[in-house]
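Listed below are the residues making up each chain.
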Amino acid sequence: NKQFVIAPSILSADFACLGKEVQDVLLAGADWIHFDVMDNHYVPNLTIGPLVCEAIRPYAIKDGQPAMIDVHLMVEPVDRLVPDFAKAGANLISFHPEASPHVNRTLNLIRDQGCQAGLVLNPATPLHHLDHTLELLDLVLLMSVNPGFGGQSFIPSTIEKIAQVRAKLDQYQAETGRHIRLEVDGGIKVDNIAQIAKAGADTFVAGLAIFGKDNYTTVIDAMRVELGK
Ligand code: DX5
Ligand code: ZN
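Residues numbered from 1 in each chain as written. Chains lettered and ligands numbered in written order. Predicted model: local features only at pLDDT ≥ 70, side-chain atom pairs only at ≥ 80, totals over all residues. Heavy atoms only, no water.

**Student:** What's the story with the side chain of Asp202 in this structure? I'm lost.
**Tutor:** Relative to the helices and strands, Asp202 is located in the loop between helix H6 (193-199) and strand E10 (203-206). Discounting chain neighbours no more than four positions away, the residues touching Asp202 are Gln3, Phe4, Val5, Arg166, His179, Ile180, Arg181 and Leu182. (Helix = DSSP H or I, 4+ residues; strand = E, 2+ residues; numbered from the N terminus. Contact = heavy atoms within 4.5 Å.)

**Student:** Explain the sheet that holds strand E6 (residues 92-95) here, please?
**Tutor:** The pairing of strands in a sheet comes from backbone hydrogen bonds and takes either a parallel or an antiparallel form. The strand order E1-E10-E9-E8-E7-E6-E5-E2 describes an open sheet built from eight strands, whose pairing is parallel. Bordering the open sheet on either side are strand E1 (5-8) and strand E2 (33-38), each of which pairs with just one other strand. Direction aside, the axes of adjacent strands within the sheet are offset by 25° on average. Pairing geometry for strand E7 (residues 116-121) and strand E8 (residues 139-143), over four bridges, is parallel. Looking at the pairing, Leu121 lines up with Leu142 of E8. Most of the contacts of helix H4 (residues 103-112) go to E7, to which it runs at about 145°, and overall it touches E6 and E7. (Pairing = 2+ DSSP bridges. Axes fitted to C-alpha atoms, helices over the stretch in contact; angles between N-to-C directions.)

**Student:** I would appreciate a short explanation of the site of ligand 1 in the present structure.
**Tutor:** Neighbouring residues of ligand 1: 20 residues in total, closest Asp36, Gly148, Gly151, Asp185 and Gly207. Between ligand 1 and Gly151 there is a distance of 2.8 Å, counted from an oxygen atom to a backbone nitrogen or oxygen. One of the backbone nitrogen or oxygen atoms of Gly187 is found 2.9 Å away from an oxygen atom of ligand 1. With the chains in place, 99% of the 380 Å² that ligand 1 exposes on its own is no longer accessible. Mapped onto the shell around ligand 1, the elements with two or more residues apiece are E2, strand E5 (69-74) and E10. Split by residue class, the shell around ligand 1 holds nine nonpolar, nine polar and two charged. (Near = heavy atom within 4 Å. Polar contact = N/O pair within 3.5 Å; in protein donor to acceptor, adjacent residues only side chain to side chain. Areas by Shrake-Rupley, 256 points an atom, 1.4 Å probe, with all protein chains shown as cover. Nonpolar A, V, L, I, M, F, W, Y, C, P; charged D, E, K, R; others polar.)

Dropping the structure here:
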């Protein structure tokens, strides 16, 4: 459905059969594929890059249409990788503002490459990063864990922050008519997704909660029940 998006993070998928994992999770009812890029510099972990994005692109199909590949860049610097991910079939590219010296330039670069653009705020990153950027954003991604690893626990103070960003985005939409998605990433599971939605999130990343289970359909269905949809 349009209102609530479930975006499984393939970080917790079986990398030995990633194409099948992507196919399976979309068949199980996921909307987007969340693609976590870590560089062992901005975050202390190393994951996947444009080659892997290109490799899974043909498998990221939902109802006969390409599904969104939601690339979360935890890298520094950012700009050099943007054209590579656009060519690899990314649909949305988000980055952390403190990892790019010229945030406006990076956002424009992402849009010029034909992708949607997002900014990612860590648990302790202040909201003022949204002050002069909203008109270039399609999505705000709020981290509910510190970036770097899957399977961490949701940080409770994020709830208050989600509500604050929701208020900002609602006000912006009232003024401009533009809708910006609010995505939350880290420690989301069946037990807490309703509370996160209630605070104002509309897009939910979940890694371990989905890929850690045998039956993806069961988890995603349970999440949708919690979302009231
Ligand atoms: C953390 C990543 C998240 C994470 C989500 O740095 O950005 O996308 O893998 O995984 P879970 O749901 O397991 O916290
Ligand atoms: Zn992520």
